Amino acid sequence: MQGNFAAFATRHYQLLWGGTLFSTTAFMTSFLLVPIVAYEITDSYAASGFAQMGSGVSMLLLGPIGGVIADRYAKKPLVLVGQIVPALLILGTGVLVVSGLITIWMLFISSLLMGVGFALMGPARQAWMGELIPRSLMGSGVGLMQVAQNLALVLGPMLGSVLLIAFAFGSGQIYFLIVGFFLVALPLTTWLPNARAKPATERRSIVRELGSGFTYLMGSPRLRILWGYWMVVAVCRFASQTLLPGFIERNFGVPASDTFLLYLVVGVVALAANVPLAGMVSGRRAWQLLIGFGLLMALVFVLGALTPSFFALMLVAILVGISTTGVMLVNQALIMTNSRPEYFGRVMSFVVLGFAAQSLLAPIWGVTADAIGGRETMVLVGMITLAATVLLGVGWLRTRWVPLEAGTPAALAVAAGWASPGRPEGRLAFAARLAPVVRMGGQKVRSSSAPSGD
């Protein structure tokens with residue numbers, strides 16, 4: 001295989017990618033179900049937010065430590081535990097929902113434990129990739145991994161929507177579908193070799209390694225800006241999970257479970273948007289593209305707040321799919337391609353903090369919506385997104401000529417000839433602007449004997 005898909009030439013990467021797609025789909029779908037079930041049993045925005053808060057607490061406390069663990073120890077046991085325990089937990093939650101025994105506190109605890117699994121599995125998978133494929137394929141691998149995670153954000157809700165519409169599945173029965181995703185991911189993970197643990201002589205204390213990871217993140221101008229933006233847009237993006245179930249029921253008289261209809265529209269559009277996105281952008285334009293998607297995302301929240309009907313909201317969902325897939329894919333891909341592989345686990349753990357923050361702030365969105373109204377809260381979210389995107393643009397203008405860091409997939413892409421280092425735009429190579437997956441040109445993969453730039 002050539003160029004953007006070169007990492008798929010290795011069987012180990014195929015297994016890791018497939019396992020990531022199915023397991024992350026399971027996690028994201030379960031996170032989406034929590035506020036829906038919570039609203040169905042309480043009719044409260046605040047209760048929906050509280051139930052989501054559980055995953056935020058665990059990811060906040062364990063997310064950074066999960067990255068240190070991923071960079072220190074063998075990854076396979078971490079990933080397996082991060083799949084088996086959540087699968088059993090989701091099975092039990094589904095039984096409670098179907099039987100009508102579920103309570104808000106049960107949802108909170110379920111969400112809390114799911115966050116533990118995600119905090120362990122996500123960083124471990126990223127760090128594992130750095131050991132399963134040659135460094136010459138790292139740019140391709142990072143980009144394709146972001147696609148798997150981006151697809152996971154939409155595939156689960158899409159399948160849930162189809163089951164809800166075509167087969168009249170309830171929320172509880174969709175939990176059983178999620179278990180099926182884990183059952184596919186588990187054998188894919190089992191077939192992978194166990195990556196080596198860092199020798200004991202090279203390990204420092206968890207506190208020191210965590211500190212070095214955060215210092216690395218904050219010491220890179222690009223990573224600092226991208227991570228800060230990610231923290232804000234993650235919170236704003238997932239505010240809709242808290243608001244939508246109550247929003248459609250109170251304003252349009254539509255059952256909270258019909259939120260999955262909106263997720264279906266968003267998912268179909270998001271999947272389709274990846275193709276033109278791949279063909280439209282060039283490396284030098286990716287930051288501008290990210291800024292544009294951010295501005296569109298801010299506009300979408302305001303439009304959603306102004307919709308007069310559920311049908312109109314479904315039309316707005318088309319723009320949601322375009323804007324959110326662009327923001328999520330481009331931003332996370334930029335973060336990983338501008339990170340050195342030895343920091344993948346810790347950098348990914350700080351990305352997980354974005355999911356933690358959105359869950360922790362979910363009750364605030366719920367309380368705000370109960371106090372001032374769902375429409376007004378959505379406008380507020382849009383204004384926050386707009387302010388963050390403007391700051392992102394300012395940060396890009398200030399750092400656009402900063403040289404790439406040696407050893408990152410972005411720098412390796414330059415060395416491979418994907419950009420001309422003799423020109424200013426060469427220093428801001430395509431891989432530093434956007435993960436290789438969103439460009440479909442015929443780049444050449446570096447040979448394993450090429451200098452890595454370390």
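As shown above, the structure is provided for reference.
Bear in mind the structure is a predicted one, so any value in this text is a computation, not a measurement. (Residues numbered from 1 in each chain as written. Predicted model: local features only at pLDDT ≥ 70, side-chain atom pairs only at ≥ 80, totals over all residues. Heavy atoms only, no water.)

Trainee: For this particular structure, what's the right way to read the overall build of the protein chain?
Mentor: If you tally the helices and strands in the protein chain, you get 18 helices and zero strands. The contacts in the protein chain between residues at least 6 apart in sequence include a share of 85% that link residues at least 24 apart. Of the accessible surface of the protein chain, which amounts to about 16200 Å², a share of 70% is contributed by carbon and sulfur atoms. (Helix = DSSP H or I, 4+ residues; strand = E, 2+ residues; numbered from the N terminus. Contact = heavy atoms within 4.5 Å. Areas by Shrake-Rupley, 256 points an atom, 1.4 Å probe, with all protein chains shown as cover.)

Trainee: Can you walk me through the nonpolar core in this structure?
Mentor: Burial of nonpolar side chains together is a common tendency in soluble globular proteins. With 126 residues, the main nonpolar core has Tyr13, Trp17, Tyr175 and Trp230 as its most contacted residues. Take this core: its biggest share by element is 15 residues, from helix 1 (residues 11–42). Sequence-distant contacts of Trp17, defined by excluding residues within four places in its chain, comprise Phe8, Leu144, Met145, Val147, Ala148 and Leu151. (Core = buried A, V, L, I, M, F, W, Y, C linked by side-chain atoms within 4.5 Å. Buried < 20%, exposed > 50% of the residue type's maximum accessible area, 1.4 Å probe, protein only.)

Trainee: Honestly, the pattern of salt bridges in this entry has me stumped. Any pointers?
Mentor: When the charged atoms of two side chains with opposite charge come close together, those side chains can pair. For the structure on display, the rule yields three salt bridges. For Glu342, the salt bridge identified is with Arg340, shortest N-O distance 2.6 Å. The residue Glu405 makes a salt bridge to Arg340 at a minimum N-O spacing of 2.3 Å. Residue Glu405 is found in the loop between helix 15 (374–399) and helix 16 (409–415), and its partner Arg340 is found in the loop between helix 12 (310–337) and helix 13 (344–360); the two are separated by 65 residues along the sequence. Accessibility expressed as a relative area gives 26% for Glu405, which makes it partly exposed. Counted as one network, the salt bridges with shared partners bring together Arg340, Glu342 and Glu405. (Salt bridge = Lys/Arg side-chain N within 4 Å of Asp/Glu carboxyl O.)

Trainee: How do you make sense of the packing of helix 9 (residues 239–252) against helix 15 when you look at a structure like this?
Mentor: Describing two packed helices takes the angle between their axes plus the distance from one axis to the other. Where helix 9 contacts helix 15, the two axes come as close as 9 Å, and the packing angle between them is 150°. Between helix 9 and helix 15, the angle falls in the class roughly antiparallel. Classified by chirality, the crossing of helix 15 by helix 9 is left-handed. Contact residues: helix 9 offers Ala239, Leu243, Phe247, Asn251 and Phe252, while helix 15 offers Gly374, Arg375, Thr377, Met378 and Val381. Residues that form the contact of helix 9 with helix 15 fall into these classes: six nonpolar, three polar and one charged. (Axes fitted to C-alpha atoms, helices over the stretch in contact; angles between N-to-C directions. Parallel < 35°, antiparallel > 145°, perpendicular 65-115°, else oblique. Left-handed = near helix turned anticlockwise from the far one by under 90°. Nonpolar A, V, L, I, M, F, W, Y, C, P; charged D, E, K, R; others polar.)

Trainee: Whenever I open this one, the packing of helix 1 against helix 3 (residues 75–99) confuses me. Can you help?
Mentor: At a minimum axis distance of 12 Å, the contact between helix 1 and helix 3 shows a crossing angle of 35°. Remark: the crossing between helix 1 and helix 3 carries left-handed chirality. Of the residues in helix 3, those in contact with Gly19, Ser23, Phe27, Ser30 and Val37 of helix 1 are Gly82, Gln83, Pro86, Ile90 and Val97. Of the residues that constitute the contact of helix 1 with helix 3, the class distribution is five nonpolar, five polar and no charged.

Trainee: I would appreciate a short explanation of the packing of aromatic side chains in the present structure.
Mentor: Each aromatic ring pair is summarised here by two numbers: the centre-to-centre distance and the angle between the ring planes. Here the structure, examined in full by the defined rule, presents 12 aromatic pairs. Ring centres of Tyr216 and Tyr343 lie 4.0 Å apart, and the angle between their planes is 5°; on these two criteria the pair is classed as stacked. Of this pair, Tyr216 sits in helix 7 (residues 206–219) while Tyr343 sits in the loop between helix 12 and helix 13, placing them 127 residues apart in sequence. In terms of burial, Tyr216 and Tyr343 fall into one category: buried. Look at Phe247 and Phe252: their rings are 5.7 Å apart centre to centre, the planes differ by 85°, and that puts the pair in the edge-to-face class. Relative accessible area serves as the criterion here: at 0%, Phe247 is assigned to the buried category. Ring pairs connect the aromatic residues Phe8, Tyr13 and Trp17, which therefore count as one cluster. (Phe/Tyr/Trp six-rings, centres within 6.5 Å; stacked < 30°, edge-to-face > 60°.)

Function-wise, these values are silent; they only describe arrangement.
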